[in-house]
Amino acid sequence: MSATNIRAEAVPLLVCVTLGVALATLPHWWTGQWDWIADYDELAFYLPAGAQAYREHPWRLADPVTAGPTYYQPLSVVPGIMLAKVLGLGPWLIGLCWRVWGGALVAAGWYGVCRLQLSPKAAAVATCVLLADPGVMNGQLGYALAKTVVRHWQDKVDAPTPTSASLPQWRIWNPVLSWPWWFAFLGLTARAVCQPTLVRRVAAGISCGLLFHVYFYLWTTAVAGLVLASLLDRRRLDAYLTILGIGVAVGLPALLAAMHFRLTFGSDWLLRTDKFVPLSNRWKELLIPRVSLLLLIVSWIWVWRYRMEYRWLACLATAALLLLNHTLVTGLQIENFHWNYALGPSLSLLVVFMIAHVIQWGPAWLQRNGSGLAIAWAGAVLLVGSALWARAAGGLPENRHIYQVVRAYRSLSGVWPVEQGAAVAGDADFQYLAAVAAGLRPLAGYSALLSPISDAEFDERLALNAYLLGQNREEFETHQRAWLKEYKWGLEARSLVTRERRVLDRLAAWDRVTADVKQFLDRFDVRLLARPTDISREPPPTYWKLLEASPHWTIWIRTD
C-alpha cells in the first residue's frame, strides 16, 4: 500500500479514535473529576470487581461480595484494568481507563464497519454521527436525538443516570466494552460473506465464538441472526453454517461454564435482577419500538432491491428485534431491553448505508451537495450530543450524590487495622467505597443484590446490616415493605403475594440474626462498620470500638 493510501486511511481513522476517546471520557475532563463515577452499577459492582482484580488477579473477575465466581465475563473488562495497573493509576481511575480503552475501540469499530461500503472520508463522517447520536442504541438516528433535545430543553429529564439522560452508548461496562467485539464480528462476517475463503470464514467464526465470552445478548443475536440468514440467503449457506459452527465450538466452554454456574448457585440471584423470570402475562412486557420496526422494514426493502449481500446484516437486526420479544414464546423476562445493544448497531449501520446510497444515486442536487450536508449533519450531531452528555455528566441528583460521598470517603484517614477481604457493614455508600479503596467486601446493599447468593443469605445480610445500623424489628419491617413496593425486578415487582412472602422471609431472617448476632458476624467476617453520623441511635454493641468520626460517618471496628 502506498504512502498516500496509508495516509488516506490513517488520518480519518485517527480523527475518529480521537473523537471516540474524547466523548467516552468527556465527563472526566468536563467536570474535572478524573475519578468520575456515572451510576450505582459502576460504584457498587463494576468498580469493586475491577479493584479486586487490580489487586489480586488482573485476568480474572470475582464477585465483590463473596470473592467467589461471578457471572460476568472478564474478556472485555480486563484490558482496562491492566491499563490502569501498568500505568500505576490505582483502582479509583479504572473507570477512566475503561472509557479510554472502550472509546478508542468503539470509534475504530464504527469506522471499520462503515468502511464496508463507504470511502474513508465518508466513513469518518458517519462514525462521528454514530458516536454522538443516542439513536444508535436502537437504530433511530436523528429521531432519538431530537426527543432527547426536547426533554432537556423542557427540563423534563427523568432519567436517573447521565448515560440514560443523554448518550446511552457510553455506558460502562456495556455497551462500551462489549461493542468492539460486536463490530469485529460484523466486519469479519461481512468479509467472509463477500469472499467466503476458508481463512475469512474461520476468522468470522472465531469472532462469533468470542461473543460467548463477552456478552449474552450479543452471542444470542449472532446465533439467531446466522440461522435466519441461512434460511433467507441460501447462496451463502456454507459461509453462514461454517461461521456458526466455529462460533458455537469456540463459545461452548463459556456456555458450559454458564450452565454449571447456574446449577451451582441456583436461580435466586437471577430472579432478583429480572433474569429468566416467568411471566403470567406474555403480552404485558413486549418491547416493540415502532420507529425501529419501520426502519427495519425499509431496510429490508432496500437490501432486497439493491444490496443482497447485506441480507445477513438485516437478519441480525431482525433477530435482535425478535429476541426483544421472545417472551411471547418463552414466557420469560431476561431484561429483554438489552437486546437493543445488538439491534442498535446493526440497524444503524443499515440506515447509514441507505442514506449513502440515496446520496450517491439520488437527485442531481443531492449528489452535488450530499457530502456537505453529511458533514454539516455530523458536526451538528457531535455538537448537540456532546452538549447533552456534558449537561448530564454533572447535573443529575444521583451522580451529584455519588460525587459527594466519594469526596467524603477520600477525606477520611483510611488507615484502619482491618485485613483486606474482610466485610464492611453499615451505610451502603461506604460499603461500596471501601470495596474500591480498601479491598473490603460489602455485607449488603446493591452489591449483594447482584451477587450470586441465595435469597436466604441475601435476607440475612440485609437483616444483620439493619441491626448494626440500629434498627429494631418494626423499623426493619417498615423499611423492607417500602423498599419492596418500589422494587422493579423479579416476581416481587409483579405479585403482591410474592412480595408479602418476601417480607415474611426477611422478618424470619431478622429473627435468626438477632437470636445470635455474633454467629452471623463471624459467618460473614464483618470487621468494619460505618454508621451515618446523623442517625440518632444507641452505640453499637460493646464489642465495637470507635475509630474515626467525620461529618458523614462514624467508623467502628470490631474488637472481639
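Relevant structure appears above.
Residues numbered from 1 in each chain as written. Predicted model: local features only at pLDDT ≥ 70, side-chain atom pairs only at ≥ 80, totals over all residues. Heavy atoms only, no water.

**Remarks on a nonpolar patch on the surface**
Residues Val227, Leu231, Leu232 and Trp304 make up a contiguous nonpolar surface patch of about 380 Å² in total accessible area. Considering every element that reaches the nonpolar patch, the biggest residue donor is helix H11 (residues 216–232), with three residues. Of note, Val227 is situated in helix H11. (Patch = residues over 30% accessible without salt bridge, like charges linked within 9 Å, V, L, I, M, F, W, Y side chains within 5 Å. Areas by Shrake-Rupley, 256 points an atom, 1.4 Å probe, with all protein chains shown as cover. Salt bridge = Lys/Arg side-chain N within 4 Å of Asp/Glu carboxyl O. Helix = DSSP H or I, 4+ residues; strand = E, 2+ residues; numbered from the N terminus.)

**Comments concerning helix H25 (residues 517–524)**
Of all the residues in H25, the buried ones are Val517, Phe520, Leu521 and Phe524. Seen end-on, H25 carries its buried residues on one side only, within an arc spanning 105°. Residues of H25 that are buried sit in contact with strand E3 (423–426), helix H22 (455–468), helix H24 (496–515), strand E5 (526–532), strand E6 (544–549) and strand E7 (553–558). Phi turns positive, to about 55°, at Asp525, one or two residues after H25. (Buried < 20%, exposed > 50% of the residue type's maximum accessible area, 1.4 Å probe, protein only. Arc of directions from axis to C-beta. Contact = heavy atoms within 4.5 Å.)

**Notes on the packing of helix H9 (residues 179–194) against helix H10 (residues 198–212)**
Where H9 meets H10, the axes come as close as 8 Å, and the angle between the chain directions of the two elements is 155°. Classified by the interaxial angle, the pair formed by H9 and H10 is roughly antiparallel. Relative to H10, H9 is oriented so that their crossing is left-handed. In this structure, H9 contributes Trp181, Trp182, Ala184, Phe185, Leu188, Thr189, Arg191 and Ala192 to the contact, and H10 contributes Arg200, Arg201, Ala203, Ala204, Ser207, Cys208, Leu210 and Leu211. (Axes fitted to C-alpha atoms, helices over the stretch in contact; angles between N-to-C directions. Parallel < 35°, antiparallel > 145°, perpendicular 65-115°, else oblique. Left-handed = near helix turned anticlockwise from the far one by under 90°.)

**Here we look at the packing of aromatic side chains**
Under the criterion given, the structure shown has 39 aromatic pairs. Pairing Trp110 with Trp179 gives two aromatic rings, centres 6.0 Å apart and planes at 80°, and the pair type is edge-to-face. Within this pair, whereas Trp110 is found in helix H5 (residues 94–114), its partner Trp179 is found in helix H9, the two being separated by 69 residues in sequence. Like Trp179, Trp110 is buried. A network of ring pairs unites the aromatic residues Phe45, Tyr46, Tyr71, Tyr72, Trp98, Trp173, Phe261, Phe265 and Trp269 as a single cluster. Across from the ring centre of Phe276, 4.8 Å away, lies the NZ or CZ of Arg262, which sits over that ring. The positively charged end of Arg311 is found above the aromatic ring belonging to Trp304, 5.3 Å away from the centroid. (Phe/Tyr/Trp six-rings, centres within 6.5 Å; stacked < 30°, edge-to-face > 60°. Lys NZ or Arg CZ within 6 Å of the ring centre and 35° of its normal.)

**A look at the side chain of Asp427**
Examined against the element boundaries, Asp427 turns out to sit in the loop between E3 and helix H20 (428–438). Arg531 provides the closest opposite charge to the buried, salt-bridge-free Asp427, at an N-O distance of 11 Å. A polar atom in the side chain of Asp427 sits 3.2 Å from the backbone nitrogen of Asp429. Residues within four places of Asp427 in sequence aside, it is in contact with Leu469, Ala530, Pro532 and Trp553. (Lys, Arg positive; Asp, Glu negative; His and termini not counted. Polar contact = N/O pair within 3.5 Å; in protein donor to acceptor, adjacent residues only side chain to side chain.)

**Section: the sheet that holds E3**
One open sheet holds the five strands; their spatial order is E4-E3-E5-E7-E6, and the pairing between them is mixed. Each edge of the sheet is formed by a strand with only one pairing partner; in this case those strands are strand E4 (441–442) and E6. Bridging between E3 and E4 involves two bridges; their strand directions are parallel. Paired with Ala423 across the strands is Arg441, a residue of E4. Against the sheet, H25 makes contact with E3, E5, E6 and E7, and its axis sits at roughly 90° relative to E7, the strand it touches most. (Pairing = 2+ DSSP bridges.)

**Structural notes on the pattern of salt bridges**
All told, the structure shown has 29 salt bridges when counted by the stated rule. When the shortest N-O distance is used, the salt bridge between Asp41 and Arg171 registers 2.6 Å. Here the residue Asp41 occupies a position in helix H3 (residues 40–55), and Arg171 occupies one in the loop between helix H8 (162–165) and H9, the gap between them amounting to 130 residues. In this structure Asp41 comes out as buried when scored by relative accessible area, which is 18%. Linking Glu477 and Arg481 is a salt bridge whose minimum nitrogen-to-oxygen distance equals 3.1 Å. Here Glu477 and its partner Arg481 are both found in helix H23 (residues 473–486), four residues apart, which amounts to about one turn of the helix. Connected via shared salt-bridge partners are Asp459, Glu492, Arg502, Asp505 and Arg506.

**Quick word on unusual backbone geometry**
Residues Ile172 and Trp173 are joined by a peptide bond in cis, for which omega reads -5°. For Ala67, which is not glycine, the phi dihedral falls at a positive 65°. On the basis of relative accessibility, which here comes to 31%, the residue Ala67 falls in the partly exposed class. For Asp525, which is not a glycine, the phi torsion comes out positive at approximately 55°.

**Some words on H22**
Counted at 1.5 Å a residue, the expected span for H22 with its 14 residues is 20 Å, and the 20 Å between its end C-alpha atoms agrees. Among the 14 residues in H22, twelve count as buried, and that is most of the element. Buried within H22 we find Asp455, Glu457, Phe458, Asp459, Glu460, Arg461, Leu462, Ala463, Leu464, Asn465, Ala466 and Leu468. Phi turns positive, to about 95°, at Gly470, one or two residues after H22. (Expected span 1.5 Å × (residues − 1).)

**Some points on the pairing of E5**
Counting buried residues in E5 gives six out of seven residues, a clear majority hidden from the surface. Where E3 meets E5, four bridges bridge the pair, whose relative direction is parallel. The residue of E5 that forms the bridge with Gly426 is Ala530. Both E5 and E7 contribute to a ladder of five bridges, which runs antiparallel.

**Thoughts on the environment of Ala184**
If you trace the backbone, Ala184 turns up in helix H9. For Ala184, a relative accessible area of 33% translates into the label partly exposed. Along the backbone, Ala184 and Ala204 are 20 residues apart, and their C-alpha atoms lie at a distance of 8.3 Å.

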